[in-house]
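One letter stands for each residue in the lines below.
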Amino acid sequence: MAFIDVQKVNKIYHSGDVEVHALKDASFQVEKGEICVIVGQSGAGKTTLLNILGGMDTATSGKIFLDGVEVSAFRKKQLAAYRRNDIGFVFQFYNLIPNLTALENVELASQLCKDPLDPEEVLSEVGLKERRNNFPAQLSGGEQQRVAIARALAKNPKLLLCDEPTGALDYQTGKAILKLLQDASRGSGMTVLIITHNSALTAMADRVIRVKSGTIADQRLNEKIVPVEQIEW
Amino acid sequence: MKRAFRKNIFRTIKKSLGRYMAIFAIIALGVGFFSGLKSSKPAMMKTGQEYVREQNLYDYRLISTWGFDEDEVEAIKALSGVQAAEGAVSEDFIYINEEGVENCLKALSITEDVNFLTVEAGRLPEEANECVVDAALFSESIIGQEIVIASQNAQETRDSFAYESYTVTGLARSPLYLNMERGTTTIGSGRITAFVFIPLEGFSYEYYEEVYVDADITEEAFTDAYEEMIEARADSLEEESTAIVEVRYQQEIADAQEEIAQGQEDLDSEEADARQELADAKAELEDGQQQLADGQQELADGEQTLAEKKQELENGEQELLEGEEALTQAESDFAAGEAELEAAEAAFAQEEANLTQAEAQYQQGLADYEAGLLRYQTGKDQLEANREGYKQAKAAMEQMEEAGNTDNSDYTTAKTVVETFEANEAELAAAKTQLDGTKAVLDSSFAQLTEGRQQLEASRTLLAQSRQELESNRAVLAENRAQLNASRAQIEEGKSQLADAEAELADARQEIADSEQELSDGWTEYEDGLAELDTKIADAREELNNARQELADLETPEVYVLDRSTNVGYASYEGDVSIVEAVAKIFPAFFFLIAALVCSTTMTRMVDDERTQIGTLRALGYTKSAILTKYMIYSGSAAVFGACVGYVLGTRLFPLAIWTAYGMLYGFSDIILVDDFLLFLFSLLVSLLCSVGTTFLSCRMELSHAPAQLIRPKAPAAGKRILLERITFIWKRLKFLHKVSARNVFRYKKRMFMMILGIAGCMALVMAGFGINDSISNIVNDQYDNILVYDISATYSQAVTEDALQEIEEQFGQEITHQAVLMETSVDAPYDGGVKTVTLMVSEDESIRECVNFQLNGETVDVPETGEILIDKRLAEIYGVEIGDEIVLRTGEVETEPLTVAGIFENYTYYYAYVTAETYEQYFGEPFEPRTIYMALSEDADHYQVASYLSDMDNASNISVIEDMRVRVSNTMESMNYIVALIILCAAALAFIVLFNLGNINISERIREIATLKVLGFYPREAGAYVFRESMVLSIMGIVVGIPLGILLHRFVMLQIKIDMVSPDIKILPLSYLYSVLLVLAFTVCVDLIMRRKINRINMAESLKSIE
Ligand SMILES: Nc1ncnc2c1ncn2[C@@H]1O[C@H](COP(=O)(O)OP(=O)(O)OP(=O)(O)O)[C@@H](O)[C@H]1O
Ligand SMILES: [Mg+2]
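Computed from a predicted structure; not experimentally measured.

Student: Which residues make up the site of ligand 1, and what values do they have?
Tutor: Residues and elements named next belong to chain A. Near ligand 1 there are 15 residues, and of these Ser42, Gly43, Thr47, Thr48 and His197 occur at the shortest range. Here serine 42 contributes a side-chain N or O atom positioned 2.2 Å from an oxygen atom of ligand 1. At 2.6 Å, a backbone N or O of glycine 43 approaches an oxygen atom of ligand 1. Burial of ligand 1 by the protein amounts to 73% of the accessible area it has alone, namely 620 Å². Counting residues per element, the ones that place at least two in the shell around ligand 1 are strand E2 (18–30) and helix H1 (46–53). In terms of residue count, H1 provides more of the shell around ligand 1 than any other element does, three residues in total. By residue class, the composition of the shell around ligand 1 is four nonpolar, seven polar and four charged.

See below:
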């Protein structure tokens, strides 16, 4: 069984009288240590998929296995523990705690899990050693995203989920962020899922999943992996 | 635009109902508190006014030194401005209740036109021997029973009642007694416990004691206007009514003068009559005297005659005696003569008989002799015849004898023949001698006999002669005897006549003596009568003079016009209901300040939330004012609803709760709620100011930004280092989330202020609430544990004797720890605002200090000297006196001499004062009679057992166990709980509102943060704590600020609450601090729990999508 095994997952949103079928029989697999890029049009259901995978939301039907454990069968409390110990999240809008400094934001996460990395180290890895005592408001978007990544990495999660990590960043900064993610995966064999609109980024992935209006349109392994630095878009 | 605009507002309200409700609730609370407190006094005032009007409480009460009669009452009624006037009487009496406890009741006559009674149960009396009783003291079970005028009452008191007992027909309230104060009396314990209303006919009275006047005054009671009107009319009323009573005075003077003149006249004529009578009596007496003298003379004469007669009689008697003696001698001589004669005759007869016999004997003897002689002859012949034979025999014999032949028969025969012959021969010779002797005797006898006969015949003749003589003597004697007897009879008759005469004389003498006595009595009587007359006349003169003096001294009648201010219930009412007004001054300001803060923070948040929307609307061309209007309508409408609801609830709940608390003093009717439109308008205005005003201020700032700026997401508030971080050793130890909370706490100053103020306010209120409870319930403990240390007060109808004390000592020596004998009486303490009833303790017993703690601030107060008094703190406050000042007390209507205050002691319930026996006798002018014993008992003693023993003792009139009193007082205090509950309720509402509001704001503001934490794997508890640690910290800060506030608030409130019965001891128990803190924390936790559910519902996926 693959590290991540998503089987026929459906997600239906009920907003008022309208039913939105956000995911339709979505199935795919990802192997441990892979960098997987999910692409698709806006509204295709990428975020929905990621949320379900990350235990932030539950599937209407279907099964999800992570490292052989059926995540879709988890109750709320188990989901919280799952998020706490197994998942790292990087958001499009960073979502740092504004009242904590960069270092504190990282420490906040690392304090939660069983086997954390050293926050200061992680922070210097993302190149923010000097800024560790700054509050988020005192950091630029890229720096904030790096703090967010550091926060996710510090937890030393089994799976790192990133929802458009570069969406709010400029090209160079975006690249640096992606590099950080690739390095993290390569360095520690962490499985990383990245959502992006940018098809160019598929080049850096081990595996590319294409989502189209709630269904998995295509799932393929990338034969020719290009390091981030060399990707241009 | 209009419709879309309205829809937008509605949708906004619906979406943020929590916020809307926060504004609504805080405004409702503020307005409720404000309007409730503000309207409480008017409501109570109105209730009082309505009651006083409905029951037609008198306007004036007239008291005359002369009383009033029917005509005078009519005349007063006819005065202008008088609507009704009615005479009334009253009398205090002792009544023994079912438990045998002595009570003093006040009986008043039922008035028809004023002071209407309200019947609480049963009906009004219909008969003169029926009554209604005080609903405040009696329960319905008394209906149908009898109120007996106890035999303990003075005769005078009993005489004032037409009946000995009155059947209770119902329970009633009287407007004369608005509160529970029933006044004092000079009888019994001095404290009146209840009133009894009896029909006028149930009293026996000569004049009305007072007249209740209902003046036609349109002003409402308790108002200054009323007082002014009353005062304005009082003088003329006094003059007019005095004039009315004066008529009777003049009439009475005229009557009295006439009576005196008549009396003088009567006296004079009476004296003359009496003197005449005495003179007559004297003449009569003198007459009697003369008669007596005559009688005495007569008596003397009679006595003389009697003596003479007596002498005569005595002589006759003597003669008689002598005669009798002679006669008796003669008779006895005669009898002796006769006896002699008879003896001579008998001797003669004897002699004759003897002679005859001797003659017969002689004849016999003669015959015998002749016979003998014959026989001798014969014998001699015969012998001679035998002589031969003899001579032969003799010879034969002699022969034989000689022969010695004697032993043969011949010899014997011969011998016998010889002997017989010889014997016969001797015999014949002897017989011949004898016969010759007899012949001689016979011859002498014959001579003798012949002489005897001769003598005898001579004696016979002599005897016959003697008898003849004797017989003639006998006749003479008999005649003498008859003569003597006649004389004796005569004498006897004389004697009896004399006795009669003597008796007669004795009678006469007695008569004389009697009349002498009579006369002497008559004289004494006469003298006495004379003396009596003199004194009588003197007395009558003096009486007349007294009457003249009295008439001269007669005071002109005075009529006192008293108004309602002398009625304790009425006079206390206004002051008592004004308490809430003072409290109403500070609370609302505080509540409105919090309301303004709540509105401001809420609306600021609201605007922040809708920032992009505002920007968009602005970009679309909506004007600033249009957008501002939306928010102003939003908060304004919440405020209007809140104000309405708050006003309605506040003006109803507050007066009701406060009235219930007042019920222990004034329970005369249900509260009448007052609606004051101006008050509502004012509340509304302030509410709008708090809501719309703050909305305007906080939104204007936001809206002043350019639309473009608004559209962009607001930069998250910058993280800032706080002061705490500089204290690194603490800061380091904090967890990150604690740090966040610490930073958050200080991030929004307005919210912090709102929270701290709100929670502090809540804390202060809760503390005040608990504190009120502590201060009051503690009074009871303090009062009965530390001040009145005694456990039983036993009052007897007479001074306590040594014997009784001895008996108690023997019975309960173990149980009683302290004991004091004293006199306990009630006196009035008049002061500017009215009259208070004071329990006066009078004692010489030093141990009273063991039973009652005379202390102030822990220092013992010294024993007062003569002329000095110890009073309690409450009384000192009322009088406004300090040590060294003078006060005047009153018993009944009599004022005491001024007494120097020597000390002030702590006391919380009722009023107490202490003087020595000497002071009492000198300054109160009444005898010291210690009838009461205070007893402090050991802890394990059975109070009731001791009490029941004491009440079985002789003369026991009232045994009270302090434990009962404690229960009674604390029961009364319980009505304060309504106010406490209301305060705590408001505090809770306040806490909930600010906590919810802050919670809501924080959650809505930090929804992303919370979602992020959740995504990071925070458990719900942890995520909740992130938000609530902050409100907890703020709550604790609020509590810290609230404690001093609470102390101040409590002090302020307590100073306003001056209940008549108790004066609170301002204190909050440590336990109450704890409870207050716990309660406020409980509110926080409660809101926390509710808010946590909201946090749990936050959807991570959605919240993180993007920044709106
Ligand atoms: N909470 C929700 N309620 C109703 N519909 C939803 C909800 N969340 C997502 N959807 C719908 O589900 C579909 C998938 O949305 P999703 O956010 O996964 O798209 P996406 O692929 O991430 O798009 P994008 O690239 O714009 O972020 C969309 O059509 C969206 O409208
Ligand atoms: Mg998306």
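After that view, the rundown keeps rolling.
Student: Tell me about the packing of helix H17 (residues 802–812) of chain B against helix H21 (residues 943–952) of chain B, residues and numbers included.
Tutor: Residues and elements named next belong to chain B. The interhelical angle for the contact between H17 and H21, taken along N-to-C directions, is 150 degrees, at an axis separation of 12 Å. With respect to H21, the element H17 is oriented roughly antiparallel. The element H17 and its partner H21 pack so that their crossing is right-handed. Residues Glu807, Ile808, Gln811 and Phe812 of H17 form the contact with H21, whose own contacting residues are Gln945, Val946, Tyr949 and Leu950. Among the residues making up the contact of H17 with H21, the classes are represented as five nonpolar, two polar and one charged.

Student: An account of the packing of aromatic side chains is requested, with residue identities and associated values reported.
Tutor: Evaluation of the coordinates by the stated rule reveals 32 aromatic pairs over all chains. Geometrically, the ring pair formed by phenylalanine 222 of chain B and tyrosine 573 of chain B is tilted, given 4.9 Å between the ring centres and 35 degrees between the ring planes. Here phenylalanine 222 of chain B, found in the loop between strand E10 (208–215) and helix H5 (224–402), pairs with tyrosine 573 of chain B, found in helix H7 (residues 568–577); they are 351 residues apart in sequence, far enough to count as distant. By relative accessible area, tyrosine 573 of chain B is classed as buried at 0%. Grouping aromatic residues by their ring pairs yields a cluster made of Phe93, Phe161, Tyr163, Tyr166 and Phe203 of chain B. In this arrangement the basic side chain of lysine 77 of chain A is found over the ring face of tyrosine 1019 of chain B, its NZ or CZ atom lying 5.4 Å from the centre. Note that arginine 874 of chain B overlies the ring of tyrosine 911 of chain B, its terminal NZ or CZ placed 4.4 Å from the centroid.

Student: Describe the side chain of serine 775 of chain B, and please don't skip the residues or the numbers.
Tutor: Tracing the sequence through the fold places serine 775 of chain B in helix H16 (residues 749–787). Reaching out from serine 775 of chain B, the side chain makes a polar contact with the side chain of histidine 1050 of chain B at a distance of 2.9 Å.

Student: If you had to explain the environment of glutamate 70 of chain B to someone new, which residues and values would you point to?
Tutor: Residues and elements named next belong to chain B. Relative to the helices and strands, glutamate 70 resides in helix H3 (residues 70–77). Overall, the relative accessible area of 44% leaves glutamate 70 in the partly exposed class. Spatially, the C-alpha atom of glutamate 70 lies 7.7 Å from that of glycine 87, the residues being 17 residues apart in sequence.

Parameters and conventions
Residues numbered from 1 in each chain as written. Chains lettered and ligands numbered in written order. Predicted model: local features only at pLDDT ≥ 70, side-chain atom pairs only at ≥ 80, totals over all residues. Heavy atoms only, no water. Near = heavy atom within 4 Å. Polar contact = N/O pair within 3.5 Å; in protein donor to acceptor, adjacent residues only side chain to side chain. Areas by Shrake-Rupley, 256 points an atom, 1.4 Å probe, with all protein chains shown as cover. Helix = DSSP H or I, 4+ residues; strand = E, 2+ residues; numbered from the N terminus. Nonpolar A, V, L, I, M, F, W, Y, C, P; charged D, E, K, R; others polar. Axes fitted to C-alpha atoms, helices over the stretch in contact; angles between N-to-C directions. Parallel < 35°, antiparallel > 145°, perpendicular 65-115°, else oblique. Left-handed = near helix turned anticlockwise from the far one by under 90°. Contact = heavy atoms within 4.5 Å. Phe/Tyr/Trp six-rings, centres within 6.5 Å; stacked < 30°, edge-to-face > 60°. Buried < 20%, exposed > 50% of the residue type's maximum accessible area, 1.4 Å probe, protein only. Lys NZ or Arg CZ within 6 Å of the ring centre and 35° of its normal.

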